[in-house]
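Tertiary structure, described
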Amino acid sequence: MLYYIGNHLRDTVEAMSYLRLLDSISFRAIGGAMTSLMFIILFGGRIILYFYRTGQRDASRGYAHFPGGDHQSKTYGGGLLVTGILLGILLWCQLHNRFVLLCLAAVVWFAVLGYIDDYLKMRHGSSDRGLSESAKLILQFAYGLAFAVVFVFEELSPLPPGLATQLYIPFLKTPIVDLSWGYIPFIIFTVIAIANSVNIADGIDGLAVVPVSFVIGVYGVFAYVSSHARISDFLIFPFVPGVGEVAVICSIVFGACLGFLWFNSYPANVIMGDTGSMALGGLIGTVVVLVKQEFLFLIVGGIFVGEAVSVLIQEKLGIKRLGRRFFYSAPIHHHYQSRGLADTKIVIRFWIVAGILALCGLATLKIR
Amino acid sequence: MKYLLTGGGTGGHVYPALAIADEIRRQEPESRFLYVGVRRRLESRVVPGKGYPLRFVRSRPFPRTVSLAGFALFGLTLVVGVMSAMLILMRFRPDVIICTGGFVSAPVMFAFGILRKLGLSRAKVFLYEPNAHPGLLNHAVGRLADRIGLAFEQAGRWFDMKRVAIVGYPVRREFLEVDREGARQRLGIPADRQVVVAVGGSSGARVINEALVASLPRLRRLKNIMILHVTGRYNDAEYDAVANTARHLERLGITGDTSSWYRRYDYMEDLQDAYGAADLIICRGGAGTLTEVSVCGRPSIIVPLATAAEDHQAFNARELAKRGAARVLYQEASWVEGRVQSIVSPTRLADLVSELLDSPRVLGEMATASQAVPRRDSLELILGEISSLVVGRRPPPLTLEFPLRQEGLPSDPNALLRAVKGRIADAGGVAGLDPLELSYLRYRADCYLASEAWYEIPLGRRNVGVKLVGLLQYSERVDVILSILQDTTKTSWVRRICGGDFHHPGILRRNAVELGIRLQEEVDDSIRDVLLQALATDPYFEVRAAAACELGRRFFESCDQIEAALLRALESERSSRVTIQVIKALGRIGRGPAVLSCFRSFYLHPDWQFRHEVVSAIRRLLERRVLDPSLVAEDVDRVLDASPGFEPAFPLKDSLRELAEEVTAATDGGPRLPRAARRQARGR
């Protein structure tokens with residue numbers, strides 16, 4: 001929004017030509033990040049209290065029947081995170097840009113999906129009675145299909161023609177294959193897998209927020225590289241005009257995540273819940289596809305991939321097919337908890353690993 | 001009048017149809033009949049002998065497993081069958097169609113439905129349902145029927161009440177007129193013998209055949225016994241009734257002319273003679289068989305079929321047992337030839353038979369009770385219904401009340417497990433359960449234990465069977481559980497590559513220890529040996545952990561052997577969970593000095609959980625006074641106390657909780673609960 005105001009003012013008023021700064025992606029990125037960060041930090045306290053008062057908490061353990069005092073009552077603060085992100089996007093992005101619209105659609109759709117799940121859990125008072133797994137899958141599939149169709153069709157797609165269905169792999173300069181129609185199931189699978197793995201990873205306070213911010217930061221850099229004519233030419237990336245808005249969105253989300261971490265670190269009085277983790281997951285899935293670096297997620301988002309794979313191995317392969325457990329518990333952070341590692345140690349070690357993986361991901365910018 | 005009969009697959013469908021047809025022919029000799037069946041099924045063998053024309057169509061049973069190929073084949077067969085049935089219907093033009101169910105009658109019924117829609121057939125349909133729980137076909141075509149005859153009231157739930165009539169089970173007329181002397185004469189049996197007849201239903205029950213033959217050596221010694229064994233002609237890839245029985249007899253050395261005490265029949269046309277001559281009948285619990293037996297007024301030993309829908313055979317059997325007309329003999333799960341199988345125990349069968357034959361008074365009482373079982377005059381009722389159909393008279397609609405859901409148990413295994421737990425909790429423990437109910441629940445545990453069905457989490461029915469054995473303290477089955485635990489047959493190589501080990505998966509073996517063995521009240525040496533072996537050699541960590549836990553909790557004699565095994569396990573163990581359980585067990589039963597020196601090696605171990613367990617174990621040893629406190633006086637300083645494990649304490653939360661407790665105690669759980677507790681109650 002500020003972009004439009006700035007443009008209008010600059011065109012009409014002579015003295016405000018410095019507002020040309022608003023054209024610059026990096027300026028808007030940093031501005032957006034600061035906005036979402038400060039908004040969440042400054043207003044977060046009050047908003048969390050509001051959530052608490054309206055009963056948005058996991059109240060399955062009441063005080064009168066509590067055996068031990070080791071469990072905080074959790075307030076679902078996913079709405080705070082999503083609000084911060086949306087505020088940043090609405091203020092600092094070019095809203096007519098198709099990339100921005102797709103990302104907005106992702107955030108809103110997945111946030112609503114997550115909110116329904118959280119609401120059902122709160123209503124029934126236990127974390128088992130949210131949306132059923134197949135309902136979630138169907139809704140995610142619906143979004144994936146719509147997004148994939150928009151992405152692949154030349155008229156609707158925000159990408160330059162001919163580029164949308166090429167498949168890129170890290171370390172290689174040229175696309176390895178043009179999938180055309182096959183790209184649609186690939187997109188659907190990517191979005192669903194990433195959204196669910198972020199959801200799984202959100203198990204301990206602060207565990208998902210920082211790796212998400214690392215991932216989104218790395219993708220922000222890749223988006224910026226793709227949008228800049230000279231840099232993309234230098235580093236041999238496909239030049240996609242307009243994808244710089246994705247970089248702005250990425251830094252807004254980065255700022256929002258850091259702001260959320262202000263409150264979400266251990267011991268947390270607010271958690272993302274499904275609202276936040278689904279929204280973030282859906283957004284990351286969309287960004288991954290828009291920047292055309294899907295396979296990079298296997299490196300940069302290795303934490304999420306590992307969590308999802310451990311759940312798949314333990315439940316689908318182990319318990320259902322072979323009748324045995326492979327880990328003590330799945331997802332993998334529960335396994336470490338039952339091995340005796342303290343929660344804070346697990347969280348920080350995961351952050352360290354995510355940081356290393358993010359640096360490796362950045363290294364693929366040059367290693368081609 | 002032209003009557004079209006259809007229905008079959010098993011005797012329970014064919015014989016009622018034949019009984020009805022015979023009765024109609026007796027009363028109206030000029031009627032014409034046509035029976036429509038499927039090749040190579042029971043009707044193809046039985047119907048021509050009774051003098052009815054028989055035509056064949058193609059049909060297949062409804063696929064029970066979900067597979068695309070199965071459904072496709074079923075659909076194709078059905079289409080072909082329906083088309084040929086339509087030709088038959090249009091050529092024969094029946095006035096009444098009598099359908100007794102089974103997949104055999106599907107083509108005719110669907111063909112009739114189509115023809116009626118097209119206005120090409122104006123036949124009336126009489127549907128007969130012989131079971132308490134309608135078969136799939138009868139359920140599907142209930143709407144096509146003009147009148148529905150039921151053998152059991154409960155079946156009425158599934159049909160339109162305005163067209164239903166309770167008619168009972170039509171027994172063939174020959175059964176209504178049996179007499180003992182005439183039957184014995186026809187079979188050539190002297191009058192002083194005690195005759196035991198064994199039939200396994202029209203398809204021949206394998207378990208009854210095998211159990212009977214296995215008990216023959218004992219039964220042979222009973223004086224005056226005469227056994228008539230009708231094996232049935234069941235023949236498929238796994239079991240050939242006639243051949244297998246012959247081989248079994250040869251192995252036992254019962255060959256040559258045994259007709260003075262044992263006669264074997266593949267199939268008996270005049271079964272009523274056997275029933276008439278009998279003093280005791282061993283049979284399955286199907287509605288037809290039981291009605292025939294009670295019409296003849298004979299005592300029986302009933303072996304219910306475990307896989308009957310809603311377990312109705314067991315239900316029928318228990319009803320008769322309550323009236324004193326029969327005894328129920330359940331199949332049991334047993335470890336036979338390296339697998340768990342469901343069999344009838346030959347010793348129990350022999351015991352029961354000799355006990356009954358030894359007391360003629362009891363037999364006489366059972367016979368009277370059997371005769372007195374309330375029956376209807378089914379043939380009359382059915383014919384009445386059919387003639388009123390033909391004439392077009394409408395019967396008065398029935399008002400039946402159905403008892404809420406038979407007091408039976410849910411059929412889904414997990415639901416059944418919860419129901420059993422609830423029952424035990426209500427009765428205040430297993431000892432509080434009524435003995436009849438307990439034996440029936442144990443029978444269900446046997447059925448699940450012997451089941452080969454793997455589906456759904458957790459791990460299928462055998463798993464539920466193992467849990468039930470523990471819950472019901474079914475100590476006779478512990479040997480089966482132990483065999484499952486020790487079974488080392490490997491699973492397929494595909495699964496082994498992915499990480500599987502034995503045919504009985506790890507979680508099943510763990511449940512065998514944790515639930516099957518743990519909940520037994522008494523243990524003995526064989527269990528101890530099996531647990532020691534499991535601790536040493538089982539590849540799955542949860543099994544070793546559970547074995548170590550059990551060894552620690554239960555055994556207090558012969559501790560040295562267990563202690564040595566635990567110490568050995570500590571040295572070679574790689575899994576932390578198992579090590580923790582072993583240390584706990586050593587704390588509970590350890591005695592010797594080797595235990596303390598082993599613990600000392602853990603004082604500086606990097607894993608804090610091990611050190612924690614070792615400290616707790618040492619405290620237990622001190623409690624039990626097997627350890628001299630002076631020995632460990634300096635050890636306290638030697639244990640590394642750095643530990644990342646901590647439990648947070650939230651002072652605010654603790655005081656809130658105490659406040660809530662004080663408030664609820666003060667208001668005595670009065671009308672206004674604290675908000676959190678209210679929310680929790682609402683959330684339930």
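Being a predicted model, the structure only gives us computed values, none of them experimental.

A short note on the overall build of chain A
Scanning chain A for helices and strands turns up 14 helices and 5 strands. Relative to the compact-globule value of 21 Å for 368 residues, chain A shows a C-alpha radius of gyration of 21 Å, a close match. Out of the 368 residues in chain A, the part that is buried amounts to 53%. Accessible surface, chain A as shown: approximately 15,700 Å² in total, 68% of it carbon and sulfur. Each charge class in chain A was averaged separately, 26 positive and 21 negative side chains, and the resulting centres sit 6 Å apart.

Here we look at the nonpolar core
One broad trend across soluble globular proteins is that nonpolar side chains are buried collectively. Ranked by internal contacts, the top residues of the largest apolar core, which has 92 residues, are F147(A), F151(A), I187(A), Y219(A), V246(A) and I284(A). The element that contributes the greatest number of residues to this core is helix 9 (residues 244-264) of chain A, accounting for 12 residues. Once residues lying within four places of it in the same chain are set aside, the contact partners of F151(A) are S157(A), L159(A), A164(A), Y183(A), I187(A), V289(A), L290(A) and K292(A). By size, the runner-up hydrophobic cluster in this structure holds 84 residues, among which are I424(B), F541(B), V543(B) and F602(B).

A short note on the packing of aromatic side chains
The full count for this structure, using the stated rule, is 26 aromatic pairs over all chains. Feature note: the residues F110(A), Y143(A), F147(A), F151(A), Y183(A), F186(A) and F295(A) constitute an aromatic cluster, connected by ring pairs. The ring centre of F326(A) lies 5.0 Å from the NZ or CZ of R324(A), which sits over that ring. Between K2(B) and the ring centre of F92(B), over which it is positioned, the NZ or CZ distance is 5.8 Å.

What about a positive patch on the surface?
Taken together, the side chains of R39(B), R40(B), R58(B) and R60(B) make up a positively charged region of the molecular surface. If you trace the backbone, R60(B) turns up in the loop between strand 3 (54-56) and helix 3 (68-92).

A few points about the sheet that holds strand 3 of chain B
The strands that make up a sheet are held in pairs by hydrogen bonds between backbone atoms, and each pair lies either parallel or antiparallel. All names here are of chain B. What the 7 strands build is an open sheet, ordered 3-2-1-4-5-6-7; its pairing is parallel. The open sheet has two edge strands with one neighbour each: strand 3 and strand 7 (164-166). Between one strand axis and the next, the sheet turns by 20° as a mean value, whatever way the strands run. Taken together, the 3 bridges between strand 2 (residues 32-37) and strand 3 define a ladder with parallel strand orientation. Within strand 3, the residue paired with G37 across the bridge is F56. Against the sheet, helix 4 (residues 106-118) touches strand 1 (2-6), strand 2, strand 4 (96-99) and strand 5 (124-129), its axis set at about 145° to strand 4. In this fold helix 15 (residues 378-391) packs onto strand 1, strand 4, strand 5, strand 6 (147-150) and strand 7, with an angle of close to 160° to the strand it touches most, strand 5.

Looking at the packing of helix 17 (residues 435-450) of chain B against helix 18 (residues 460-471) of chain B
All names here are of chain B. Interaxial distance between helix 17 and helix 18 falls to 6 Å at its minimum, and their mutual angle equals 145°. Seen from above, helix 17 lies across helix 18 with left-handed handedness. Of helix 18, the residues touching helix 17 (which contributes A445, Y448, L449 and A450) are R461, R462, V464, G465, V466, L468 and V469. A breakdown of the residues in the contact of helix 17 with helix 18 according to their chemical character gives 8 nonpolar, 1 polar and 2 charged.

Describing the pattern of salt bridges
All chains considered together, the criterion is met by 34 salt bridges over all chains. The closest approach of N and O atoms between D22(B) and R25(B), which form a salt bridge, is 3.7 Å. Of the two residues, D22(B) and R25(B) both sit in helix 1 (residues 11-27), 3 residues apart, roughly one turn of that helix. Note that D273(B) is salt-bridged to R186(B), the shortest N-O span being 2.8 Å. One end of the pair, D273(B), is in helix 10 (residues 271-277); the other, R186(B), is in helix 7 (residues 180-187), and 87 residues separate them in sequence. On the basis of relative accessible area, D273(B) is assigned to the buried category, the value being 9%. Put simply, D117(A), K121(A), K136(A) and D274(A) are held in one network by salt bridges that share partners.

Looking at the side chain of K292(A)
If you trace the backbone, K292(A) turns up in the loop between helix 10 (273-290) and helix 11 (296-300). There is no salt bridge for the buried K292(A), and the closest opposite charge comes from E294(A), which lies 4.3 Å off by N-O distance.

Overview of the confidence of the model for chain B
Caution is warranted with low-pLDDT regions, since their predicted coordinates should not be read in detail. Residue and element names in this part refer to chain B. On average, residues of chain B carry a pLDDT of 82, and 92% of them reach 70 or more. Confidence, expressed as mean pLDDT per element, reaches its minimum in chain B at helix 30 (residues 675-683) with 51 and its maximum at strand 12 (residues 300-303) with 91. Across the predicted assembly, pTM comes out at 0.76 and ipTM at 0.81.

What about empty space enclosed by the protein?
Residues and elements named next belong to chain B. Counted under the stated rule, the structure contains 3 cavities of 30 Å³ or more. Volume-wise, the largest cavity comes out at about 70 Å³. In terms of lining, the largest cavity is formed by Y15, V46, G49, K50, R172, Y267, M268 and E269. Tallying contributions element by element places helix 2 (residues 42-50) first for the lining of the largest cavity, with 3 residues. For the lining of the largest cavity, a count of residues per class yields 4 nonpolar, 1 polar and 3 charged. Its volume calculated, the second largest cavity comes out at about 40 Å³. What lines the second largest cavity is simply G590, R591, G592, V595, L596, L621, V626 and L627.

What to know about the sheet that holds strand 10 (residues 262-265) of chain B
Residues and elements named next belong to chain B. The strand order across the open sheet formed by 6 strands is 10-9-8-11-12-13, and the pairing between neighbours is parallel. Of all the strands in the sheet, the pair left with one neighbour each is strand 10 and strand 13 (326-328). Strand-to-strand twist in this sheet, taken as the mean axis angle between neighbours without regard to direction, amounts to 15°. Of the pairings in the sheet, the one linking strand 8 (residues 194-199) to strand 9 (residues 225-230) comprises 6 bridges and is parallel in character.

A short note on the confidence of the model for chain A
Overall, the prediction assigns chain A a mean pLDDT of 86, with 94% of residues at 70 or greater. Predicted confidence for residues 60-70 of chain A stays below pLDDT 50, and this span has 26 contacts to residues more than four positions away or in other chains.

Rules used throughout
- Residues numbered from 1 in each chain as written.
- Chains lettered and ligands numbered in written order.
- Predicted model: local features only at pLDDT ≥ 70, side-chain atom pairs only at ≥ 80, totals over all residues.
- Heavy atoms only, no water.
- Helix = DSSP H or I, 4+ residues; strand = E, 2+ residues; numbered from the N terminus.
- Rg over C-alpha atoms; globule rule 2.2 N^0.38 Å.
- Buried < 20%, exposed > 50% of the residue type's maximum accessible area, 1.4 Å probe, protein only.
- Areas by Shrake-Rupley, 256 points an atom, 1.4 Å probe, with all protein chains shown as cover.
- Lys, Arg positive; Asp, Glu negative; His and termini not counted.
- Charge placed at Lys NZ, Arg CZ, Asp CG, Glu CD.
- Core = buried A, V, L, I, M, F, W, Y, C linked by side-chain atoms within 4.5 Å.
- Contact = heavy atoms within 4.5 Å.
- Phe/Tyr/Trp six-rings, centres within 6.5 Å; stacked < 30°, edge-to-face > 60°.
- Lys NZ or Arg CZ within 6 Å of the ring centre and 35° of its normal.
- Patch = residues over 30% accessible without salt bridge, like charges linked within 9 Å, V, L, I, M, F, W, Y side chains within 5 Å.
- Salt bridge = Lys/Arg side-chain N within 4 Å of Asp/Glu carboxyl O.
- Pairing = 2+ DSSP bridges.
- Axes fitted to C-alpha atoms, helices over the stretch in contact; angles between N-to-C directions.
- Left-handed = near helix turned anticlockwise from the far one by under 90°.
- Nonpolar A, V, L, I, M, F, W, Y, C, P; charged D, E, K, R; others polar.
- pLDDT = per-residue confidence, 0-100.
- 1 Å grid on protein atoms, 1.4 Å probe; cavity = no way out; pocket = protein on both sides within 12 Å on 5 of 7 lines; lining within 4 Å.
- Points joined across faces, edges and corners; volume = space filled by probe spheres on them.

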